Amino acid sequence: MEHNEDHSVWPMPRRMEGLVNKHMADIALEALQQRLSAVSEEMHSLAEHVSRRSEESPTDDPRRGDVNFEVDSVGEKLTSGSCTDTAAQRKIISLLVEIKEEQQRQWAVLRELQAQLQGETSHEQEEVEFLDMDLPLKTLEQLDETEKLLEDPAAQKRMVSHLSRMGGATVDDAVRRLMQAVLSFAVGSELNWVGRGQKRSFRNTRLQGVLFRALKRTPVGKEATHHQYADVVKKWLRFAPFRQGGSGRRYYRPPVEFPGS
């Protein structure tokens, strides 16, 4: 799989996703503004209610000195007015707390969306850079050349960015996609994890580390451990010799015919 083939496919979906996330951010901000407006109106209504209660208080009645009333009745009125004011105050405090919590939730959503948009911008900038590698690698010589290229941290970063878009429904699926993206079955047949026997070690290559970093940048591989990753790589390398003739099929070698046999 060559980078040039993917280069023309990826930018458009990334831009579309960015537009969707920006629209979601606008919706979240609009919802917050509507909520604040509604709560503000409710608080204004409560303030007017408290003001009316204050105006209706017995202490403001000029006829208070000319009216005979019982002490118990006055106590009940004062208690009633005090309870009403206290309830209104509790309601206002509750609304203020609710506003604060809602604002915190909305800001968290906006920060997350902003981070996603910044990440997508970074990815698009990385896509512009050319991945100077012919993938999948078809010979051990190409693997050696790739190892030399990966001595450059910038080359590793570009390759991680490129491979992190391989997808996968599970961790195992994502690792298999990564392996098939970078190694042909012919090259995989010459490798195993530790380099046992006549085969070369894949664990000690820079490419192995790049693949794991790419896995960690995929949605399904964020929580994957290196042990999980290594187990799938080991299996893929173990069965690579049997897949050269096709997926899951042992490579068929026609019998050699000798003249006169």
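Calculation criteria
Residues numbered from 1 in each chain as written. Predicted model: local features only at pLDDT ≥ 70, side-chain atom pairs only at ≥ 80, totals over all residues. Heavy atoms only, no water. Helix = DSSP H or I, 4+ residues; strand = E, 2+ residues; numbered from the N terminus. Buried < 20%, exposed > 50% of the residue type's maximum accessible area, 1.4 Å probe, protein only. Contact = heavy atoms within 4.5 Å. Patch = residues over 30% accessible without salt bridge, like charges linked within 9 Å, V, L, I, M, F, W, Y side chains within 5 Å. Areas by Shrake-Rupley, 256 points an atom, 1.4 Å probe, with all protein chains shown as cover. Salt bridge = Lys/Arg side-chain N within 4 Å of Asp/Glu carboxyl O. Lys, Arg positive; Asp, Glu negative; His and termini not counted. Charge placed at Lys NZ, Arg CZ, Asp CG, Glu CD. Polar contact = N/O pair within 3.5 Å; in protein donor to acceptor, adjacent residues only side chain to side chain. Core = buried A, V, L, I, M, F, W, Y, C linked by side-chain atoms within 4.5 Å. Axes fitted to C-alpha atoms, helices over the stretch in contact; angles between N-to-C directions. Parallel < 35°, antiparallel > 145°, perpendicular 65-115°, else oblique. Left-handed = near helix turned anticlockwise from the far one by under 90°. Nonpolar A, V, L, I, M, F, W, Y, C, P; charged D, E, K, R; others polar.

Asks: So, the overall build of the protein chain: which residues are in play, and what are the values?
Replies: Counting its secondary structure elements, the protein chain contains nine helices and two strands. Order of helices (α) and strands (β) in the protein chain, N terminus to C terminus: α-α-α-α-α-α-α-β-β-α-α. Taking all 261 residues of the protein chain together, 30% fall into the buried category. Within the protein chain, contacts between residues separated by at least 24 positions form 72% of all contacts whose residues are at least 6 apart in sequence.

Asks: Describe a positive patch on the surface, naming the residues involved and giving the relevant values.
Replies: Judged by side-chain charge, R176, R196, R203, K234, K235 and R238 come together as a positively charged surface patch. Note on placement: R176 falls in helix 6 (residues 171-182).

Asks: Tell me about the environment of K199, and please be specific about residues and values.
Replies: Among the structural elements, K199 can be located in the loop between strand 1 (191-192) and strand 2 (200-201). In this structure, the C-alpha to C-alpha distance between K199 and S189, residues 10 residues apart in sequence, is 8.2 Å. Those residues in contact with K199 that lie beyond four places of it in its chain are S189, E190, L191, N192 and P241. Looking at K199, its side chain comes within polar contact range of the main-chain oxygen of S189, at 3.2 Å.

Asks: Run through helix 8 (residues 206-216), naming residues and quoting values.
Replies: Because each turn of an α-helix spans 3.6 residues, side chains separated by three or four positions in sequence point in the same direction. When we look at burial in helix 8, the residues that qualify are L207, Q208, V210, L211, F212, A214 and L215. Buried residues along helix 8 sit against helix 4 (140-149), helix 5 (153-163), helix 6 and helix 9 (226-239).

Asks: Before we move on, can you summarise the nonpolar core with the specific residues and values?
Replies: Ranked by internal contacts, the top residues of the largest apolar core, which has 36 residues, are M159, L163, L183 and F202. Among the elements of the structure, helix 5, helix 6, helix 8 and helix 9 are those that each provide at least two residues to this core. Ranked by residues supplied to this core, first place goes to helix 6 with seven residues. Not counting residues within four places of it along the chain, the set of residues in contact with M159 comprises L131, M133, L135, L150, V182, L207 and V210.

Asks: Mind laying out the packing of helix 6 against helix 9, listing which residues take part and the relevant values?
Replies: The interhelical angle for the contact between helix 6 and helix 9, taken along N-to-C directions, is 50 degrees, at an axis separation of 9 Å. Here helix 6 is positioned oblique relative to helix 9, judged by the angle of their axes. Between helix 6 and helix 9 lies a crossing whose hand is right-handed. When helix 6 is examined against helix 9, the residues D172, V175, R176, M179 and Q180 are found in contact with a partner set consisting of Y229, V232, V233, W236 and L237. Partitioned by chemical class, the residues of the contact of helix 6 with helix 9 number seven nonpolar, one polar and two charged.

Asks: I'd love a proper account of unusual backbone geometry, names of residues and values included.
Replies: The omega torsion across L135 and P136 is 0 degrees, close enough to zero to call that bond cis. Secondary-structure assignment places P136 in the loop between helix 3 (71-128) and helix 4.

Asks: Mind laying out the side chain of T218, listing which residues take part and the relevant values?
Replies: With respect to the element layout, T218 can be found in the loop between helix 8 and helix 9. The class of T218 is buried, set by a relative accessible area of 3%. Within the local environment of T218, its side chain forms a polar contact with the backbone oxygen of L215, the two atoms lying 2.6 Å apart.

Asks: Residues and numbers for the pattern of salt bridges, please.
Replies: When charged atoms on two side chains of opposite charge get close, those side chains can pair. In total, this model carries four salt bridges according to the counting rule given. The residue E151 makes a salt bridge to R206 at a minimum N-O spacing of 4.0 Å. Here R206 lies in helix 8 and E151 lies in the loop between helix 4 and helix 5, a separation of 55 residues in the sequence. The partly exposed category is assigned to R206, whose relative accessible area is 36%.

Asks: Which residues make up the side chain of R165, and what values do they have?
Replies: Summarising the element assignment, R165 is placed in the loop between helix 5 and helix 6. Residue R165 is classed as buried on the basis of its relative accessible area, which comes to 12%. A distance of 2.6 Å separates the side chain of R165 from the backbone oxygen of S161, its partner in a polar contact.

Interpretation in functional terms is not warranted from these geometric data alone.
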